[in-house]
Amino acid sequence: MTYDTTLAWTRRGVLAAALAAGIALPGAAFAQQKAVTIALTADAVILDPHAANELSGNIMFYHFYDPLVQRTADLKFEPGLAESWQVVDDTTWVFKLRKGVKFHNGDELKASDVVFTVERLKKALMASLVANIASARAIDDYTVEFKTPKPYAVLHMALAEILIVNEKYAKSVGDEQMGLKPMGTGPYKLAEWVKEDRIALDAFADHWRGKPKIDKVTFKPITNPATRTASLLTGGVDVIQDLSVRDVASVQANNNFKVITRPSLLNLVIAIDTRDKSPTIDLPVNPMKDRRVREAIVRSINVDAIRTVVMNGFATPSDQYVPSSHLGYVPGLDFRKEYPFDLEKARALMKEAGFEKGFTMTLDTTNNRYVNDGAIAQALAGMLSRIGITLNLNLMPRSNFFGYIRVPSDKSSFIMSGWDTPSGDAGNMYSVLMYSRNKKQGYGQANRGAYSNAAFDEWIDKADATADMAKRNEFLQEATKIAVKDIPMIPIHYEQDIYAAKNGVTVVPRMDKFIWAYEMDVK
Amino acid sequence: MFGYLIKRLIQMIVVLWVVSVLVFAMMSFTGDPTYMMVPLDATEEQIAQARRLLGLDESHLVQYWRFLLNVLQGDFGRSFVFRQPALQLILERLPATLEIVFLAMVIALVVAIPLGVYAGANPGRPLSRAVMAGSLVGISLPGFWVGMVLIFVFAVRFQFFPSSGRGPTTELFGLRVSFTSWEGFRHLILPAITLSIGTLAILMRIIRAEMMEVMKQDYIKFARAKGAAQKGVLFKHGLKNALIPLVTVFGLMLGDLIAFATLTETIFAWPGIGKLLVDSIYRGDRPVIVVYLMFVAFMFVVVNFVVDVLYALIDPRIKIK
Amino acid sequence: MTALAQRFLASELFHNYRRNASAIIGSLIVLFFAGMITIGPWVVAQDPYDVAQLELLDSFKPPVWLEGGSPQYWLGTDGQGRDVLASIVYGSRISLFIGLTAMIGSCLIGTTLGLLAGFYGGRLDSVIMRIADIQLSFPSVLTALFLMSAFGTGVEKVLIALISVGWVVYARTVRGSTLRETQKEYIQAARVSGLPNAKIILRHVLPNVLTPLIVVATIQVGTFVLIEASLSFLGVGVPITKPSLGLLIKNGFDVLFSGLWWISVFPGLFIMLIVFGINLLGDFLRDELNPRLK
């Protein structure tokens, strides 16, 4: 069904192009067209890169727009719209723009567009993206100077998430149209967006990296996982995002298709309340203030069973709070080796801490926000019951969840949620999630367990005070060691991204999950 | 007539106003949608800024007042998620919903009228009993479950029909419709059948009851005594009088279909207003929910008004007051 | 008590009941469910709410008569190794508990308001009836869906939502009969004689307006079971830790496309069965008690 649609659409597009050019060579043109249809789990809601932060939208943004610094599929950082940069002093960076970069409307990219982008973002919903930029200034048409409020060694990495818009266009069409008709320097132009049905893209021939290999890309939102699989198998689409784990075996068995997996960056973590008194625990003192109780909880959780049974094997137990690709990761340190699953030891620790009889508390988490979150919560309840902890489950849709658990988290004791750090730097996660609350502006704003350790904070302060990446890495590693010892949070696992594609389609799974047609090809 | 119109209009405005008040009051119970929009590491300042951008920074009362003022100028607010006029989002998706609703209505009428008339005219016959039993089963079925069974049998097992989504659309009088092509129509069939089940069952019972009532009337008895052929009596006199009351249930029928379209559209991933409502509920997108409910209320009031007028036209005994 | 029973057995209602096949089938179905929700939990092997009893390795087993089925799980298992039959037994309890409780709540509130509106008339009457009118301009599923979207999931919240949409029909029916009843001379006389209003309402009006409610109440239980199932299917009904029949269907929906039909099909069949039984009884009662509505 979808295949027909795509084909019909492609033909019409070609025909229109041929008519416009005044030539009648539809057959020949058609033979050269490369087209691919990709099924996503959801439609994008808005195509303005400064107004939303959800996966389907993010995937679209990087087709239409480019950042100054580009993030590769493996989370390496390389020049994008900026061809080079240098750190002038602790808080000043200068970026040289590529010359001759064209927007879809033919305008050339200028430094003023970059400055405008930063200004626009400061007033936008996604203002947090520019939180580490004090100001941007155009030195000449191709040079931009950024000032950071404090030394910030990873500014270039943060810039990978800032997509540059065209000043003139944005000002002339207004915010509403920016959400509907994106226009950037990216490798693809928007051809048509039929909401909840398809987003069709055309290759942008004048793209600065060179013309994309695939001429037409169509994204189709197909919410139901089994329907997605069926669409792939029946030829309706060429690539699907999030292949259901139940369908992996059957797709793999089919010679015409391939399954591609990649561990994602999303770490499922449980925040433990460390306050004196915990909201859902009916005891005069919060047992989890005692590190031994926290360790007992960790040891009672069989992460491997969750992986094999609940996740059908498609998860990677997390060894630390951030993946090995990140600044701050300590090679060789493994949460699972420090605290292996051991009920005997866990019970002994509970006894030692004086909570042999256990206690009752509530786990707050989402339902259908993370892969199998509800099932994981139920599994956790079963596991904790073995050491006497009765875990009540409070599963919420995400529309309620994030408001419910937000700091000061005064209704929660035990919160499971995902944390995703595409910036490639543990500092972001640590400063937001584990730095003491209310100590410093912009720190600890999501520290849901109210963890507070002066030594930990100090390492973060040091890391944030240096403009030297190697040093930053070292300081963050120290912080990691403290956190693994203190257990303010329990890392469970990284979800695994699973794609499936028709043979002959090259798919590059990206660590940040942002499917990018520019990296793909069709045989 | 004019007085009636004015009365109806005032009634409608009151209903819409009450709906808007209720929706605003209820939605203030739900969590602050801002937290869903901002990144998890947003600082208080950034959250405050987002709240300002979404128009959520003021008290609920002020928000409501501002909403009312805007409505008077024809602006029904913007979706938090899409950042577009909520009314436009609904109007964009309306044709898809109307498509399945109308097809479901046609299916329901085409099946229910002959069966209902037959069962009413011939009570006690085995087929009539079967019709009644069938209609009772139809009322007892969860409609969404029927949809799932249809998907499983006709889309997954035998692959006669597509399992979900809407087919290719074409522009017709400025509306995007999908029933014009065979491929598009194929996508319509299962959702429309699913949606029609409940209405069909209820219609069948109403028509049967009306028909039984009519058959007791003197003129039918008289015609029968005169020796008019059974069929002629049924269709000439009985049917016409049995169907008039159907006009009155049209409004209720439409209401039910629109309401159950939320479920049907969710199952079939049908991009109509029902799915938009359900998605908006998940996303906490209050402006869309408010406008959806006001829009549906408006539609009901208009339809019921038209029904009243039609009824008076068809049946001269009824006076509009 | 026995006298009452004898009177009932001799009554016309019972006489007709014995001769009405569909009424008997209906009550058998209802009885079956009554048995299932009272003693069912002791019959089925597993408590699907007790996480410790679940064997994750037994997940997605088909029904016993299919290849790969296990005699331990007659109707198969879901993705967490939950016995589908046991889930249905426990789910029916939740569904019927909600249906019955919400019916009782609606009946109490609706009847009270209807009595007050009909008896006192005036402004109270018009306010109550206006609210009822506005509410009736929306299909109840939509109203309940909206209320749940504001409340969030929870059994007690489903109850509130159902009662909010369910009281209207009682209020209207009772108000109508009350109006008729209060016109009667004996009530007028009682009012004039200075008998307290409360006494008049309870002693004289109430008993005379109750009969039509029996039919409404019976059918409403079925309607509520269906609405609750719809809400839970949309994810705004009961929480996943307390799965009703509707939520069981929802849980099986995603895997239905992969051919795992039993997880969602069986709970749906049970919903249909119970609502069908209730409707059969309701139909019979309507024909007997309200011949006008026949």
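Everything numeric in this text was worked out from a predicted model, so none of it was measured. (Residues numbered from 1 in each chain as written. Chains lettered and ligands numbered in written order. Predicted model: local features only at pLDDT ≥ 70, side-chain atom pairs only at ≥ 80, totals over all residues. Heavy atoms only, no water.)

**Q** Account for the overall build of chain A, with residues named and values stated.
**A** A tally of regular secondary structure across chain A gives 17 helices and 19 strands. On C-alpha atoms alone, chain A measures out to a radius of gyration of 25 Å, which is about the 24 Å that the 2.2 N^0.38 rule sets for 523 residues. When the backbone C-alpha atoms are referred to their principal axes, chain A occupies close to 85 × 55 × 40 Å. Expressed as a percentage of its 523 residues, the buried residues of chain A come to 61%. Considering only intrachain contacts with a sequence separation of at least 6, the fraction spanning at least 24 residues in chain A is 68%. Summing over all exposed atoms, chain A offers an accessible surface of approximately 19100 Å²; the carbon and sulfur share of this is 50%. Mean positive and mean negative side-chain charge positions of chain A (63 and 61 charges, respectively) differ by 1 Å. (Helix = DSSP H or I, 4+ residues; strand = E, 2+ residues; numbered from the N terminus. Rg over C-alpha atoms; globule rule 2.2 N^0.38 Å. Buried < 20%, exposed > 50% of the residue type's maximum accessible area, 1.4 Å probe, protein only. Contact = heavy atoms within 4.5 Å. Areas by Shrake-Rupley, 256 points an atom, 1.4 Å probe, with all protein chains shown as cover. Lys, Arg positive; Asp, Glu negative; His and termini not counted. Charge placed at Lys NZ, Arg CZ, Asp CG, Glu CD.)

**Q** Any chance you could break down the nonpolar core for me, citing the residues and the numbers?
**A** Residue and element names in this part refer to chain A. If you look at the biggest cluster of nonpolar residues, it comprises 332 residues, and the most contacted ones within it are Leu68, Phe146, Ile297, Ile301, Phe414 and Ile490. Apart from the residues within four sequence positions on either side, Ile490 is in contact with Leu268, Val269, Ile270, Ile272, Ile297, Val298, Ile301, Phe335 and Phe414. Counting residues in each nonpolar core, the second largest holds 13 residues, with Ile222, Leu232, Ile240 and Leu243 among its members. (Core = buried A, V, L, I, M, F, W, Y, C linked by side-chain atoms within 4.5 Å.)

**Q** So, the interface of chain A and chain B: which residues are in play, and what are the values?
**A** Listed by partner, the interface residues are 38 residues for chain A and 41 residues for chain B. Summed over both partners, the interface of chain A with chain B comes to about 3400 Å²; 53% of that surface belongs to carbon and sulfur atoms. Remark: the boundary between chain A and chain B carries four salt bridges. Across the chain A-chain B interface, the total number found is seven residue pairs in polar contact (both at pLDDT 80 or more). Elements that contribute at least two residues to the side of chain A that touches chain B include exactly helix H1 (2-21), helix H4 (111-122), helix H6 (167-180), helix H14 (398-404), strand S16 (414-420) and helix H15 (426-433) of chain A. In terms of residues, the side of chain A that touches chain B owes the most to one element, H14 of chain A, which gives five residues. (Buried area = accessible area lost by both parts, 1.4 Å probe. Salt bridge = Lys/Arg side-chain N within 4 Å of Asp/Glu carboxyl O. Polar contact = N/O pair within 3.5 Å; in protein donor to acceptor, adjacent residues only side chain to side chain.)

**Q** Break down the sheet that holds strand S6 (residues 135-140) of chain A for me, with residues and values.
**A** Residues and elements named next belong to chain A. Pairing is antiparallel across the open sheet formed by four strands, whose spatial order is S4-S5-S7-S6. Lying at the two open borders of the sheet, with one neighbouring strand each, are strand S4 (82-89) and S6. Sheet twist, expressed as the mean angle between neighbouring strand axes with direction ignored, is 25°. Sitting on the sheet, H4 touches strand S5 (92-97), S6 and strand S7 (143-147), and the angle it makes with S6 is about 170°. (Pairing = 2+ DSSP bridges. Axes fitted to C-alpha atoms, helices over the stretch in contact; angles between N-to-C directions.)

**Q** How would you explain the environment of Arg205 of chain B if you had to name every residue and give the values?
**A** Looking at the element boundaries, Arg205 of chain B is found in helix H8 (residues 182-215). Residues Arg205 of chain B and Arg8 of chain B, spaced 197 residues apart in sequence, show a C-alpha to C-alpha distance of 30 Å. Those residues in contact with Arg205 of chain B that sit more than four places away from it in its chain are Met132, Ser135, Leu136 and Ile139 of chain B together with Asp283 and Arg286 of chain C.

**Q** Requested: an account of the pattern of salt bridges, with residues and values cited.
**A** Residues and elements named next belong to chain A. Applying the stated criterion to the full structure yields 50 salt bridges over all chains. With its nearest N and O atoms 3.8 Å apart, the salt bridge here joins Asp334 to Lys337. The class for Lys337 is exposed, based on a relative accessible area of 67%. For the salt bridge of Lys513 with Asp497, the shortest nitrogen-to-oxygen distance reads 3.4 Å. Taken as a pair, Lys513 in the loop between strand S18 (505-506) and strand S19 (521-522) and Asp497 in strand S17 (residues 489-502) lie far apart in primary sequence, 16 residues in all.

**Q** Tell me about the interface of chain C and chain B, and name the residues and values.
**A** With 38 residues of chain C at the interface, the matching set in chain B holds 43 residues. With both sides pooled, the region where chain C packs onto chain B buries about 3500 Å², and carbon together with sulfur makes up 82% of that total. Looking only at chain C, the three residues that lose the most surface to chain B are Phe138, Phe146 and Leu234 of chain C, adding up to 17% of its buried area. At the boundary of chain C and chain B, one finds one salt bridge. Its salt-bridge partner being Asp283 of chain C, residue Arg205 of chain B comes within 2.6 Å of it at the nearest N-O pair. Here chain C and chain B share six residue pairs in polar contact (both at pLDDT 80 or more) between them. Residue contributions to the side of chain C that touches chain B peak at 12 residues, all from helix H12 (residues 262-289) of chain C. Tallied by class, residues from the side of chain C that touches chain B come to 27 nonpolar, eight polar and three charged. (Nonpolar A, V, L, I, M, F, W, Y, C, P; charged D, E, K, R; others polar.)

**Q** I'd like a description of the side chain of Glu196 of chain A, backed by residues and values.
**A** Tracing the backbone through its elements, the reader meets Glu196 of chain A in the loop between strand S8 (188-194) and strand S9 (198-203). For Glu196 of chain A, the contacting residues outside a window of four places in its chain are Asp43 and Pro221 of chain A together with Arg93, Pro271, Lys275 and Asp279 of chain B.

**Q** Can you lay out helix H3 (residues 55-64) of chain A for me, pointing to particular residues and giving the numbers?
**A** Residue and element names in this part refer to chain A. Burial of H3 is extensive: nine of the 10 residues sit out of reach of the surface. Every buried residue of H3 is accounted for by Ser56, Gly57, Asn58, Ile59, Met60, Phe61, Tyr62, His63 and Phe64. On its buried side, H3 packs onto strand S1 (35-40), strand S2 (69-71), S8, S9 and strand S10 (216-221).

**Q** Lay out the environment of Ala200 of chain A in plain terms, naming residues and giving numbers.
**A** Positionally, Ala200 of chain A belongs in strand S9. Along the sequence, Ala200 of chain A and Thr37 of chain A sit 163 residues apart, while their C-alpha atoms lie 8.9 Å from each other.

**Q** Outline unusual backbone geometry, supporting the account with residue identities and numerical values.
**A** What you tend to see is this: most non-glycine residues have negative phi, and most peptide bonds are trans. Residues and elements named next belong to chain A. With an omega of 15°, the peptide bond between Val407 and Pro408 qualifies as cis. Relative to the elements of secondary structure, Pro408 occurs in the loop between H14 and S16. In this model, Ser409 sits at a positive phi of 45°, which is unusual for a non-glycine residue. Tracing the backbone through its elements, the reader meets Ser409 in the loop between H14 and S16. By relative accessible area, which is 0% here, Ser409 ends up buried.

**Q** Could you give an account of the environment of Gly121 of chain C, naming the residues involved and the relevant values?
**A** All names here are of chain C. Mapped onto the elements of the fold, Gly121 is located in the loop between helix H4 (84-120) and helix H5 (122-136). Residue Gly121 is classed as buried on the basis of its relative accessible area of 18%. Once the C-alpha coordinates of Gly121 and Leu179 are considered, the two residues, 58 residues apart in sequence, prove to be 8.7 Å apart.

**Q** Give me a nonpolar patch on the surface: which residues, what numbers.
**A** There is a patch of nonpolar side chains on the surface, built from Phe298, Val302, Val306, Leu310, Leu313 and Ile314 of chain B and spanning about 500 Å² of accessible area. Val302 of chain B sits in the partly exposed class, given a relative accessible area of 33%. (Patch = residues over 30% accessible without salt bridge, like charges linked within 9 Å, V, L, I, M, F, W, Y side chains within 5 Å.)

**Q** Outline the pairing of strand S14 (residues 359-366) of chain A, supporting the account with residue identities and numerical values.
**A** Every other side chain in a regular strand lies on the same face of the sheet, so the side chains alternate between the two faces. Residue and element names in this part refer to chain A. The buried count for S14 comes to seven of eight residues, which makes it a mostly enclosed element. Pairing of S14 with strand S15 (residues 389-396), which is carried by eight bridges, proceeds in the parallel orientation. Along S15, the bridge assignment pairs Thr365 with Leu395. The β-α-β motif built from S14, the intervening helix H13 (residues 373-385) and the parallel element S15 has right-handed crossover chirality. (Right-handed = clockwise from strand over helix to strand, strands pointing away.)

**Q** Talk me through the packing of aromatic side chains; I want residue IDs and the actual numbers.
**A** How two aromatic rings sit relative to each other is set out by the distance from centre to centre and by the angle between their planes. Within the structure shown, the criterion is met by 32 aromatic pairs over all chains. An angle of 75° between the planes, with centres 6.1 Å apart, marks the rings of Tyr321 of chain A and Phe335 of chain A as edge-to-face. Placement of the pair is Tyr321 of chain A in the loop between strand S13 (315-317) and helix H11 (335-338) and Phe335 of chain A in helix H11, with a sequence separation of 14 residues. Residue Tyr321 of chain A shares its accessibility class with Phe335 of chain A, and that shared class is buried. When the ring of Phe154 of chain B is compared with that of Phe160 of chain B, the centres are 6.1 Å apart and the planes differ by 35°; the resulting orientation is tilted. A residue is classified by how much of its surface remains accessible, and Phe154 of chain B, at 29% relative accessible area, is partly exposed. Each residue in the set Tyr321, Phe335, Tyr339, Tyr430, Tyr451 and Phe456 of chain A is aromatic and connected to the rest through ring pairs, giving one cluster. (Phe/Tyr/Trp six-rings, centres within 6.5 Å; stacked < 30°, edge-to-face > 60°.)

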